[in-house]
Amino acid sequence: MLSNCSTPKLVDINALETDMENTRFQKYLNAKSAEEAYPPEDRPRGKEDIVSVNYHIKTQKAVSPIIVMQIEKNGKIRSIKLDGVHRIIAAIIRKSKVKVFYINPRKCSRNVN
């Protein structure tokens, strides 16, 4: 069982943008639709990118948590997004906050029975 290794936070999209290394939020920040966020030449999953973003816009009241791993390296905390791009884009379009679930493996402890 894992304990003491995760921290859920409700954050503004702009704070999220500067917090994570492996994101390209600048290209999404002014999007008003899934199609604007994912133009035809930039759809790694084809139509599924549009379908997924639209699902998160229409069917969820709150965007489900984005998983972010926090790793300490050279005295600096690095935040790396593990999933959630479509949910983040949906939050940008809806202008809502995002719940981020930060995981820090160094703070995790295991109880082995």
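For the structure, check the block above.
Criteria and thresholds
Residues numbered from 1 in each chain as written. Predicted model: local features only at pLDDT ≥ 70, side-chain atom pairs only at ≥ 80, totals over all residues. Heavy atoms only, no water. Phe/Tyr/Trp six-rings, centres within 6.5 Å; stacked < 30°, edge-to-face > 60°. Lys NZ or Arg CZ within 6 Å of the ring centre and 35° of its normal. Pairing = 2+ DSSP bridges. Helix = DSSP H or I, 4+ residues; strand = E, 2+ residues; numbered from the N terminus. Salt bridge = Lys/Arg side-chain N within 4 Å of Asp/Glu carboxyl O. Buried < 20%, exposed > 50% of the residue type's maximum accessible area, 1.4 Å probe, protein only.

(A) Expanded view of the packing of aromatic side chains. Within the structure shown, the criterion is met by 0 aromatic pairs. The ring of Tyr102 has Lys9 lying over it, and the distance from NZ or CZ to the ring centre is 5.0 Å.

(B) Seen up close, the pairing of strand E3 (residues 66–73). Bridging between E3 and strand E5 (residues 98–103) involves 4 bridges; their strand directions are parallel. Within the sheet, the bridge partner assigned to Ile67 lies in E5 and is Phe101. Where E3 lies against strand E4 (residues 76–81), 6 bridges are found, and the strand directions are antiparallel. Within the sheet, the bridge partner assigned to Ile71 lies in E4 and is Arg78. Linking E3 to E4, which pair antiparallel, is a turn of 2 residues; within it Asn74 sits at a positive phi near 55°.

(C) Looking closely at the pattern of salt bridges. Going through the model one piece at a time under the given rule, you end up with 1 salt bridge. Between Asp49 and Arg45 there is a salt bridge, with its nearest N and O atoms 3.3 Å apart. With a relative accessible area of 53%, Arg45 lands in the exposed category.

Nothing here speaks to function; it is all geometry.
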